[in-house]
Amino acid sequence: MISLPPVAPRVAKLTALGVGVALLATACGGTSTPSSTETAATKAASGISCPAPSATAGASSKAAAGGQVPASTTTTETPLKIGSLLPTTGSLAFLGPPEIAGVNLGVQEVNAAGGVLGKPIEVTHRDSGDTKTDIATQSTTALLGSGVSAIIGAASSGVSKTVINQITGAGVIQFSPANTSPDFTAWDDKGLYWRTAPSDVLQGKVLGNYMATCGAQTVGMIVLNDAYGTGLAKNVKSAFEAAGGKVVAEELFNTGDSQFSSQVDKVLAAKPDAIALITFDEAKSIVPLMTGKGVKPTQMFLVDGNTSDYSKDFTPGTLKGAQGTIPGTFAKDDFKKKLLTIDPALKDYSYAGESYDAVNLIALASEAAKSTKGTDIAKQLKAVSEGGEKCTDFASCVTLLRNGKDVDYDGQSGPVTFSDAGDPTEAYIGIYEYQDDNKYKPSKEEFGKL
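K.L.:
Outline the layout of surface pockets, listing residues and values.
P.N.:
One number sums up the size of the second largest pocket: a volume of about 420 Å³. As for the second largest pocket, its lining consists of 24 residues, and the residues nearest its centre are K336, K347, D348, Y349 and Y440. When contributions to the lining of the second largest pocket are tallied by element, the ones reaching two or more residues are β11 (323-327), α9 (333-342), α10 (352-369) and β16 (440-449). Of the residues in the lining of the second largest pocket, the class split is 11 nonpolar, five polar and eight charged.

K.L.:
Can you lay out the pattern of salt bridges for me, pointing to particular residues and giving the numbers?
P.N.:
Pairs can form between side chains of opposite charge once their charged atoms are near each other. All told, the structure shown has 11 salt bridges when counted by the stated rule. Salt-bridge contacts for K161 lead to D183; the nearest nitrogen and oxygen are separated by 2.4 Å. Here D183 lies in the loop between β5 (173-176) and β6 (193-195) and K161 lies in helix α4 (residues 157-169), a separation of 22 residues in the sequence. In this structure D183 comes out as partly exposed when scored by relative accessible area, which is 38%. Salt bridges sharing common partners tie together K382, E386 and D420.

K.L.:
Give me the lowdown on the state of the cysteines, citing residues and values where you can.
P.N.:
The final tally for this structure, using the stated rule, is two disulfides. C50 shares a disulfide with C214; S-S distance 2.0 Å. Taking the sign of the S-S torsion, about 120° here, the bridge from C50 to C214 comes out right-handed. Taken together, the positions of C50 in the loop between α1 (40-45) and β2 (81-86) and C214 in the loop between α5 (200-213) and β7 (218-224) put the pair 164 residues apart, joining distant regions of the chain.

K.L.:
Residue-level account of the sheet that holds β2, with values.
P.N.:
Within a sheet, adjacent strands bond to each other through the backbone by hydrogen bonds, running parallel or antiparallel. The strand order across the open sheet built from five strands is β3-β2-β4-β5-β6, with neighbouring strands paired in parallel fashion. Since the sheet does not close on itself, it has two edges, and those belong to β3 (122-127) and β6, each with one partner. Along the sheet, successive strands turn relative to each other by an average axial angle of 20°, direction set aside. Pairing of β2 with strand β4 (residues 150-153) involves four bridges; the strand directions are parallel. Bridge pairing in β4 places G83 opposite I151. Across the face of the sheet, helix α2 (residues 96-112) comes into contact with β2, β3 and β4 while running at roughly 175° to β3. Against the sheet, α10 touches β2, β4 and β5, its axis set at about 165° to β4.

K.L.:
Talk me through a positive patch on the surface; I want residue IDs and the actual numbers.
P.N.:
Residues K284, K312, K347 and K439 make up a contiguous surface patch of positive charge. With respect to the element layout, K284 can be found in helix α8 (residues 283-291). Judged by its relative accessible area of 40%, K284 is partly exposed.

K.L.:
Break down the environment of S72 for me, with residues and values.
P.N.:
Mapping S72 onto the fold places it in the loop between α1 and β2. On the basis of relative accessibility, which here comes to 17%, the residue S72 falls in the buried class. For S72 and K119, which are 47 residues apart along the polypeptide, the C-alpha to C-alpha distance reads 9.7 Å. Excluding residues within four positions of it along the chain, S72 makes contact with L117, G118, E367 and R402. One polar contact links the side chain of S72 to the main-chain carbonyl oxygen of T74, over a distance of 2.5 Å.

Conventions and cut-offs
- Residues numbered from 1 in each chain as written.
- Predicted model: local features only at pLDDT ≥ 70, side-chain atom pairs only at ≥ 80, totals over all residues.
- Heavy atoms only, no water.
- 1 Å grid on protein atoms, 1.4 Å probe; cavity = no way out; pocket = protein on both sides within 12 Å on 5 of 7 lines; lining within 4 Å.
- Points joined across faces, edges and corners; volume = space filled by probe spheres on them.
- Helix = DSSP H or I, 4+ residues; strand = E, 2+ residues; numbered from the N terminus.
- Nonpolar A, V, L, I, M, F, W, Y, C, P; charged D, E, K, R; others polar.
- Salt bridge = Lys/Arg side-chain N within 4 Å of Asp/Glu carboxyl O.
- Buried < 20%, exposed > 50% of the residue type's maximum accessible area, 1.4 Å probe, protein only.
- Disulfide = S-S within 2.5 Å.
- Pairing = 2+ DSSP bridges.
- Axes fitted to C-alpha atoms, helices over the stretch in contact; angles between N-to-C directions.
- Contact = heavy atoms within 4.5 Å.
- Patch = residues over 30% accessible without salt bridge, like charges linked within 9 Å, V, L, I, M, F, W, Y side chains within 5 Å.
- Areas by Shrake-Rupley, 256 points an atom, 1.4 Å probe, with all protein chains shown as cover.
- Lys, Arg positive; Asp, Glu negative; His and termini not counted.
- Charge placed at Lys NZ, Arg CZ, Asp CG, Glu CD.
- Polar contact = N/O pair within 3.5 Å; in protein donor to acceptor, adjacent residues only side chain to side chain.

Shown next, in the form of structure tokens:
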């Protein structure tokens, strides 16, 4: 443990969190009056009619500016070492491949542009597992022992809570591409915890409003009982009820549970118009239980923890019309192509952009600080995210920095402007719709400010 200078807790800086979200403009659907012979599921489905997908969803991103990158005027004896703490096992293992690919693509591009302070970045990957194991603590200990200045991860908010004090207490940056629990906004982390994923205050508000926009008047929820699940459910409920709806059932389950019949039965007994599944891969067990009892896929609304490719898990059509939300803008076609050169087996792209942006922001802040020390880098992260000349990749941004300019990095996850608490102050939430093959496609995205 190294001694850190006194830093005022960031709790006081964000005691009140106001959220402004651009709401969907098109109100749609209405609850019809069913006959007495209709089932509860048919009755509910009749009121769900969501806005049509955007014609340009997920098309392409702007090409980055080219040109020669000038050499750094400051060089370092100690190269920037980054670790990743991302899931290759456990209930969020499906998120690992796109996140790791995003990290590796970022490192590849930084090193192709000459590296940081005259030396290539070194990256070490370790598994985070999930909260059922102690893998994250063991991996963190190994990464800290290797001398990393920053650790990208974890994906799970619950996992991050088990290691955040260990990481930040060592004077190392923890930079999550996927943590969404609002709890981290007020964490006393010595200024060393950052994230490119917005707080679930935003995802919850968008999802709650969206279900109301689709015509749902009542909602049932099946919720993972951890920091992620209950935090997101709270914000979904708040937004949905503020929009005039009512949450009629909210059933919890615990990490490691394998039986969900009780939760499903209790939610369906309340006859909700829509059902929000706030889970991880437990959705693989929950969805068949619901469809087997007559729930239509158009009634199902998923979240980032379970919006995944289910083409090998369910029969065709099982999820057709179901929708899910994932923080961040859509992964654009050209970015996907780059990711596939890193990992040709990729099926999901969730949080790849946030992981890529984390690498670029850490590298740029290191250049701005003229140091590879974690505490020095952290002091420059906010500065490289705001107020300067816009740039969208490491090469163009570092060129500006080395020419004495201030930079404002906006990346693959959308605009990145940090608060004093290390949170994005503005972000997109992508809304995805499932097709007949049980794969999801971009539908529309909502922009909001925190």
